[in-house]
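# Working through the structure, step by step
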Amino acid sequence: MSVCLLALLWLSSCAAGGPKFGEKGYTEKGKASYYSNKLRGNKMANGQRYRPSKKTAAHKKLAFGTKVKVTNPKNGKSVKVRITDRGPFTPGRILDLSLKAALKLDLEKAGVAPVEMEVVKEPKKK
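About the criteria used
Residues numbered from 1 in each chain as written. Predicted model: local features only at pLDDT ≥ 70, side-chain atom pairs only at ≥ 80, totals over all residues. Heavy atoms only, no water. Helix = DSSP H or I, 4+ residues; strand = E, 2+ residues; numbered from the N terminus. Buried < 20%, exposed > 50% of the residue type's maximum accessible area, 1.4 Å probe, protein only. Contact = heavy atoms within 4.5 Å. Areas by Shrake-Rupley, 256 points an atom, 1.4 Å probe, with all protein chains shown as cover. pLDDT = per-residue confidence, 0-100. Salt bridge = Lys/Arg side-chain N within 4 Å of Asp/Glu carboxyl O. Phe/Tyr/Trp six-rings, centres within 6.5 Å; stacked < 30°, edge-to-face > 60°. Lys NZ or Arg CZ within 6 Å of the ring centre and 35° of its normal. Pairing = 2+ DSSP bridges. Patch = residues over 30% accessible without salt bridge, like charges linked within 9 Å, V, L, I, M, F, W, Y side chains within 5 Å. Lys, Arg positive; Asp, Glu negative; His and termini not counted. Charge placed at Lys NZ, Arg CZ, Asp CG, Glu CD. Axes fitted to C-alpha atoms, helices over the stretch in contact; angles between N-to-C directions.

### A few points about the overall build of the protein chain
Summing up its helical and strand segments, the protein chain has two helices and six strands in all. For the protein chain, the succession of helices and strands along the chain, N to C, is α-β-β-β-β-β-α-β. Counting the 126 residues in the protein chain, one finds 33% classified as buried. Summarising the internal contacts of the protein chain: among those between residues at least 6 apart in sequence, 73% fall at separations of at least 24. For the protein chain, the accessible surface area stands at approximately 8100 Å², while carbon and sulfur atoms represent 56% of it.

### Overview of the confidence of the model for the protein chain
Here the protein chain averages 88 in pLDDT, while 87% of its residues score no lower than 70. When mean pLDDT is taken per element in the protein chain, strand S3 (residues 67-71) scores highest with 98 and helix H1 (residues 2-15) scores lowest with 43. Counted against residues more than four places away or in other chains, residues 2-14, with its pLDDT under 50, gives zero contacts.

### Re the pattern of salt bridges
Enumeration over the complete set of coordinates arrives at one salt bridge. Among the salt bridges present, the one from Lys-77 reaches Asp-106, with a minimum N-O distance of 2.8 Å. Of this pair, Lys-77 sits in the loop between S3 and strand S4 (78-85) while Asp-106 sits in the loop between helix H2 (99-105) and strand S6 (112-121); the two residues are 29 residues apart in sequence, bridging distant segments of the chain.

### Side note on the packing of aromatic side chains
Throughout the structure, instances matching the rule amount to two aromatic pairs. Relative to Tyr-26, the ring of Phe-21 has its centre 5.1 Å away and its plane inclined at 70°; by these criteria the two rings are edge-to-face. For Phe-21, a relative accessible area of 43% puts it in the partly exposed group. Between the aromatic rings of Tyr-35 and Tyr-50, the centroid separation amounts to 4.9 Å while the plane-to-plane angle is 55°, which identifies the pairing as tilted. One end of the pair, Tyr-35, is in the loop between strand S1 (27-34) and strand S2 (56-58); the other, Tyr-50, is in the loop between S1 and S2, with 15 residues separating them in the sequence. By relative accessible area, which is 9% here, Tyr-35 ends up buried. One Lys or Arg, Arg-86, reaches over the ring of Phe-64 and ends 4.2 Å from the middle of that ring.

### Concerning the pairing of strand S5 (residues 93-97)
Across the five residues that make up S5, a large majority, four, are buried. Across two bridges, S2 lies against S5 in antiparallel orientation. Of the residues in S5, the one forming a bridge with Ala-58 is Asp-96.

### Concerning a positive patch on the surface
Judged by side-chain charge, Lys-24, Arg-51, Lys-54, Lys-55, Lys-67, Lys-69, Lys-80, Arg-82, Lys-100, Lys-104, Lys-121 and Lys-124 come together as a positively charged surface patch. Contributing elements (two or more residues each) for the positive patch: S3, S4 and H2.

### Focus: the sheet that holds S6
Pairing is mixed in the closed barrel, where six strands are placed in the order S1-S5-S2-S4-S3-S6. Neighbour-to-neighbour, the strand axes of the sheet open up by a mean angle of 45°, direction not taken into account. Pairing of S1 with S5, which is carried by four bridges, proceeds in the parallel orientation. For Ser-33, the partnering residue across the bridge sits in S5 and is Asp-96.

Set out below in structure tokens:
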């Protein structure tokens, strides 16, 4: 009986390792860049057109519709964006942001900057 109880405690402690990829609370740290205005109107991977005035982002694997909070650790500013595209395809970068999102974080002058990302809302299940 005590062996079973110990096994159960061990298994439950293994499962408590934090949120899985894409779940609410999942986090990543890395660099973010932002889309040029020249891409305005181009189709994104989700089929919608890129609009610089919307708060959107590209991520390599997060599901479309996932909402993430992106924080600039240098100034503490954050913005919530919706994943609508795939990318970035440059090593070390975790997000490509829309112009509006980059402006909210004060990233537009730097072009590329360190960010912290946290999933705040998973996409609706179909």
